[in-house]
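# Secondary and tertiary structure notes
One letter stands for each residue in the lines below.
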Amino acid sequence: MVPSQYYLVLSAAVFCIGLFGILTRRNALVFLMSVELMLNAANINLVAFSVQNGNLTGQVFSLFTIATAAAEVAVGIGIILVLYRNFNDVDVTTATTMRW
Amino acid sequence: MTTRPRLKLGSHLLPGLAAVALFVVMAAAFLSAQFPAPQGFGSGSITASIGYAIFDLSGPITSEYFLVAFEIMGVLLVAALVGAVMLAREEGGLGPLSGSGSRDVRADGAIETETESDH
Amino acid sequence: MSVATTITTPAAVSNQPLQLGLGGYEAIAPTIILGLTALALFTIDSIAPESRNNTLLSGVTVVGSLIAVVVTGWQLLTGAGSVELFSGQLVVDGMSLFFTFIFTSVTALVALASHEYVGDRAYQAEYYVLVVLAATGMTLIASANSLATAFVSLELTSLPSYALVAYLKDNRGSVEAGLKYFLIGSLSSAVFVYGISLVYAATGSLLFTEVAATLSAGIDGSLTGVLGIGVVMILGGVAFKTASIPFHFWAPEAYEGAPAPISAFLSSASKAAGFVLAFRVFLTAFPIDAIAGVDWVLAFQILALVTMTLGNFAAATQETVKRMLAYSSIGHAGYALIALGALTGAANQPFVLSAGMIHLLVYGFMNTGAFLFVALAEHWGIGRTFEDYNGLASKAPVACAAMSIFLFSLAGLPTGGGFLSKYFLLIGAVEAQTYVLAAGLIINSALSLYFYSRVVKAMWIEEPAGDLSIEGYPTGLYAAIVTAAVVTLLLLPALAIFSDPALTAGSGLF
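Just so we're clear, the structure is a prediction, and the values are computed from it rather than from any experiment.

## Some words on the overall build of chain A
The helix and strand inventory of chain A stands at three helices and zero strands. Shown N-terminal to C-terminal, the secondary structure of chain A runs as helices and strands in the order α-α-α. Its C-alpha radius of gyration of 17 Å places chain A more than 25% over the 13 Å reference for a compact globule of 100 residues. Counting only C-alpha atoms, chain A reaches 50 × 25 × 20 Å along its principal axes. Looking at the 100 residues of chain A, the share that counts as buried comes to 61%. The contacts in chain A between residues at least 6 apart in sequence include a share of 49% that link residues at least 24 apart.

Here is the structure:
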């Protein structure tokens, strides 16, 4: 059995890869994919520590986060669609009509 | 003709250093954590216990109860559906099959819609 | 104020008498009423999808929210103690009822004002349904007793809000606002759920009371890092929802670009939802004496000071009224954060918490009214800058008088409940010996008087620039604005009605 702290490091790596994608990429769809990565990092944690703690709370809650991520992506793609129809581009940096 | 994807290196990667720094900090904190031996689950079906837990019943394996979260998820999926459809719908009243792909361009440049052709 | 004598400990699972009738569902009656309102709106829309029954939809929403307001107020004034439902997933106590009162009243005002604002647009039923579902999510956040319930109901609040901010699909500002709000919102909910998973890793449970019990019994010293990062990430998620620095970047654009009734809804009710989440998570799940080594009180003190200062200084430099109101709402979030930052050892902790709750109640009405006035100006086609408001009082004196009440009450002058709520926060901060917070409160209130009075000066004193014409006086918007103004005025003498339940609710959490 792999010690549980290595699952923590794995989920931290996935989380930071997602964060890297959010900070450096400009495409809105890639941004959404990176958010999905971060949500799945939490799922890794939840399932790993469900075994560690001996109860099923983590596994059941990870089902809920998966469903929430799906719903969030649905609304997000709706917003990106509206963005594309208005600005003809899915780049998150083109939409800057409102200034400081 | 297609070209293979190229890795674009440049100064736009600088904010990513924050993510790398965060990983270093988190890994340092996590690797120093000592966990006891994993308790594992007893005998019993995990899937059945998950089902029991979602409906506030106690199954073979202990868990907290999640009925309220389950009901809220149902409402959340409805809300996401309403929001997504409201945003994505196209006005124009030509029906769901009237996207930009269903028009044919004739030889003289005029655009022919589905309703005008006699298929 | 004397501390109320009825104090209940949340750790006791035994039910205090809250007149439980129908198997306990009476306690979450406001949530169920809002859910039934959404169902009624769906039914109306499915019966007649092509016609636009704007008055019917708006009326159903207002009636449903008003019934929820009345039920909540009745329970707040007659009930006592707390009750846990569904084996610990939900808790209904004074704090949840207090905040449910805020959410449902803001929903009623926004629905009343939206009658004219979305009157000639498509997708009206979707608009009202999303508003009511977001309000339902907020009432569930107020009643959450488990990290799982809190997260799922937080998402139920956020997803309709993302869609509502981008509601004006052909308006570039609205689309851009919706995009920015969604991107930063989804990022923050990912951070929040990662923090929840780390807390689960360190403590083994998601229920607030069990997490607190595990922490009090002491966790292994090497797990403090895991727990600390988890608490910081949960703090980050909460800081996004309350639009605190450093996660405030979405707020000015979202409030400026969104339709003005939705800006009112977001900046009043959604912010209060973030605050009740913070109160519940940090006071019940991470009690100050149990969690050694993760000093979140200090973090909230820094957050409060930076938020109120930056919010007010940025508001002073704005040129458009809506953006100024957006930054001022960030400043007010900083004031309300004093409720969490002043929980030091020397403080009268229930009083500090109740001061924050009262401030959020009064702020809900003042801020909603201010944004609804901007909605009225947008409906009339008046421009967005301060100069475009010149001489408005000559054409619409009632509305401008209401707006003056809102602005002066936001600044802390004794024209409305805003004066008393800031005064309570000040007393709480001074008693807790967090003098920096008290000084920040006074200085920022004085600064805010400057930019609020810019609008008042433009409306009443300046001459109208050329052809300022107004066509019609929309009843829904006027009714909502006048109601909010009357309530703001009345909250100055009548605050005692709410301060006693707030104090009882606050002491129930310690």
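Text resumes after the structure shown.
## Considering the overall build of chain C
In terms of regular secondary structure, chain C is built from 18 helices and two strands. A compact globule built from 510 residues would reach a C-alpha radius of gyration of about 24 Å, and chain C, at 22 Å, matches this within 12%. Here the C-alpha coordinates of chain C stretch approximately 70 × 55 × 40 Å along the principal axes. Put simply, chain C has 510 residues, and 67% of those count as buried. Once local pairs closer than 6 in sequence are excluded, the contacts in chain C between residues at least 24 apart make up 82%.

## Observations concerning the interface of chain A and chain C
Chain A puts 41 residues into the contact, and the matching count from chain C is 43 residues. Between chain A and chain C the total buried area reaches about 3,600 Å² when both faces are included, carbon and sulfur atoms providing 74% of it. Connecting chain A to chain C are zero salt bridges. Across the chain A-chain C interface, the total number found is 10 residue pairs in polar contact (both at pLDDT 80 or more). Breaking the side of chain A that touches chain C down by element, the ones donating at least two residues are α1 (4-24), α2 (28-53) and α3 (57-87) of chain A. Among the elements that line the side of chain A that touches chain C, the one with the most residues is α3 of chain A, at 15 residues. Partitioned by chemical class, the residues of the side of chain A that touches chain C number 26 nonpolar, 13 polar and two charged.

## Some points on the interface of chain B and chain C
With 27 residues of chain B at the contact, the number on the chain C side is 37 residues. Here chain B packs against chain C, burying approximately 2,700 Å² in sum over the two surfaces, 77% of which is carbon and sulfur. Applying the counting rule to chain B against chain C returns zero salt bridges. Applying the counting rule to chain B against chain C returns 10 residue pairs in polar contact (both at pLDDT 80 or more). Counting residues per element, the ones that place at least two in the side of chain B that touches chain C are α1 (16-31) and α3 (67-88) of chain B. In terms of residue class, the side of chain B that touches chain C is built from 20 nonpolar, three polar and four charged.

## Description of the pattern of salt bridges
Residues and elements named next belong to chain C. Throughout the structure, instances matching the rule amount to 12 salt bridges over all chains. Across the salt bridge formed by Arg-121 and Asp-170, the nearest N and O atoms sit 3.5 Å from each other. Of the two residues, Arg-121 is situated in the loop between α3 (94-117) and α4 (124-142) and Asp-170 in the loop between α5 (147-165) and α6 (172-203); the sequence distance between them amounts to 49 residues. For Arg-121, a relative accessible area of 24% translates into the label partly exposed. Given the relative accessible area of 60%, Asp-170 is considered exposed. A salt bridge links Arg-454 to Glu-319, with the shortest nitrogen-to-oxygen separation between them at 3.8 Å.

## Here's the deal with the environment of Leu-13 of chain B
With respect to the element layout, Leu-13 of chain B can be found in the segment before α1. In this view, Leu-13 of chain B contacts Phe-20 and Thr-24 of chain A together with Lys-8 of chain B; residues no more than four positions away in its chain are not counted.

## Brief notes about the packing of aromatic side chains
Residues and elements named next belong to chain C. The final tally for this structure, using the stated rule, is 33 aromatic pairs over all chains. The structure contains a cluster of three or more aromatic residues connected by ring pairs, namely Phe-98, Phe-99, Phe-101, Phe-103, Phe-275, Phe-279 and Phe-498. We note Arg-454 situated over the ring of Phe-386; from NZ or CZ to the ring centre the distance is 4.1 Å.

## Quick word on the nonpolar core
Ranked by internal contacts, the top residues of the largest apolar core, which has 263 residues, are Phe-30 of chain B together with Phe-99, Phe-279 and Phe-286 of chain C. In terms of residue count, helix α13 (residues 349-380) of chain C provides more of this core than any other element does, 21 residues in total. Residue contacts for Phe-30 of chain B: discarding those within four places in its chain leaves Gln-5, Leu-8, Val-9 and Ala-12 of chain A together with Tyr-194, Leu-198, Val-226 and Ile-229 of chain C.

## What to know about the environment of Ser-421 of chain C
Residue and element names in this part refer to chain C. One can find Ser-421 in helix α15 (residues 417-431). Sequence-wise, Ser-421 and His-359 are 62 residues apart; in three dimensions their C-alpha atoms are separated by 4.9 Å. What Ser-421 contacts, discounting residues up to four positions off in sequence, is Ile-358, His-359 and Val-362.

## Some thoughts on a nonpolar patch on the surface
Together, Leu-14, Leu-17, Val-20 and Val-24 of chain B make up an exposed nonpolar region whose accessible area comes to about 380 Å². Note on placement: Val-24 of chain B falls in helix α1.

## Points about the side chain of Ser-65 of chain C
All names here are of chain C. Relative to the assigned elements, Ser-65 resides in helix α2 (residues 54-78). Its relative accessible area of 1% is what places Ser-65 among the buried residues. In this structure the side chain of Ser-65 is engaged in a polar contact, spanning 2.6 Å, whose partner is the backbone oxygen of Thr-61. In this structure, Ser-65 is in contact with Leu-34, Thr-104, Thr-107 and Ala-108, ignoring residues within four places of it in sequence.

## Structural notes on helix α12 (residues 321-341) of chain C
An ideal rise of 1.5 Å per residue puts 30 Å on 21 residues; α12 of chain C measures up with 30 Å between its terminal C-alpha atoms. With 21 of 21 residues buried, α12 of chain C lies mostly within the body of the structure.

## Brief notes about unusual backbone geometry
In the segment running from Ile-245 of chain C into Pro-246 of chain C, the intervening peptide bond is cis, with an omega of 0 degrees. Relative to the helices and strands, Pro-246 of chain C is located in the loop between α8 (224-241) and α9 (250-257). Even without glycine at this site, Asn-88 of chain A takes up a positive phi of about 60 degrees. Tracing the backbone through its elements, the reader meets Asn-88 of chain A in the segment after α3.

The rules we used
- Sequence order sets the numbering: in each chain, residues are counted from 1 along the sequence as written.
- For this description, chains carry letters from A and ligands carry numbers from 1, given in the order in which they are written.
- Reporting of local features is limited, given that this is a predicted model, to residues whose pLDDT is at least 70; pairs of side-chain atoms are given and counted only at 80 or more, and all residues count toward the totals for whole chains, interfaces and linings.
- Each side-chain value is derived from all of the structure's non-hydrogen atoms; neither hydrogens nor water enter the calculation.
- Counting from the N terminus, the helices are DSSP H or I runs at least four residues long and the strands are E runs at least two residues long.
- Our radius of gyration looks at C-alpha atoms and nothing else; its globule reference is 2.2 Å times the residue count to the power 0.38.
- Accessible area is worked out with a 1.4 Å probe on protein chains only. A residue is then buried under 20% of its type maximum, exposed over 50%, and partly exposed in between.
- Residues are treated as being in contact if the distance between any of their heavy atoms lies within 4.5 Å.
- Summed over both partners, the accessible area (1.4 Å probe) lost when two parts come together is defined as the buried area.
- Any carboxyl oxygen of Asp or Glu within 4 Å of a side-chain nitrogen of Lys or Arg constitutes a salt bridge here.
- Here a polar contact means two N or O atoms within 3.5 Å. Within protein one must be a hydrogen donor candidate and the other an acceptor candidate, and residues neighboring in sequence count only if both atoms are side-chain atoms.
- Ten residues, namely Ala, Val, Leu, Ile, Met, Phe, Trp, Tyr, Cys and Pro, are considered nonpolar, four, namely Asp, Glu, Lys and Arg, are considered charged, and the remaining ones, Gly among them, are considered polar.
- Here a Phe, Tyr or Trp ring, Trp counted by its six-membered ring, pairs with any other such ring whose centre lies within 6.5 Å, and the pair is stacked when the planes are under 30 degrees apart, edge-to-face when over 60, and tilted otherwise.
- Should the NZ of a Lys or the CZ of an Arg lie within 6 Å of a ring centre and within 35 degrees of the ring normal, that charge is described as sitting over the ring.
- Side-chain atoms within 4.5 Å are what join buried Ala, Val, Leu, Ile, Met, Phe, Trp, Tyr and Cys residues into a set we call a nonpolar core.
- Each patch is built from residues lacking any salt bridge and having more than 30% relative accessible area; the joining distance is 9 Å for like charges and 5 Å for nonpolar side chains (Val, Leu, Ile, Met, Phe, Trp, Tyr).
- Here, Shrake-Rupley sampling with a 1.4 Å probe gives the accessible areas, and only protein chains in the shown set may cover a residue.
- Given the number of residues in a helix, its expected span is that number minus one, multiplied by 1.5 Å.

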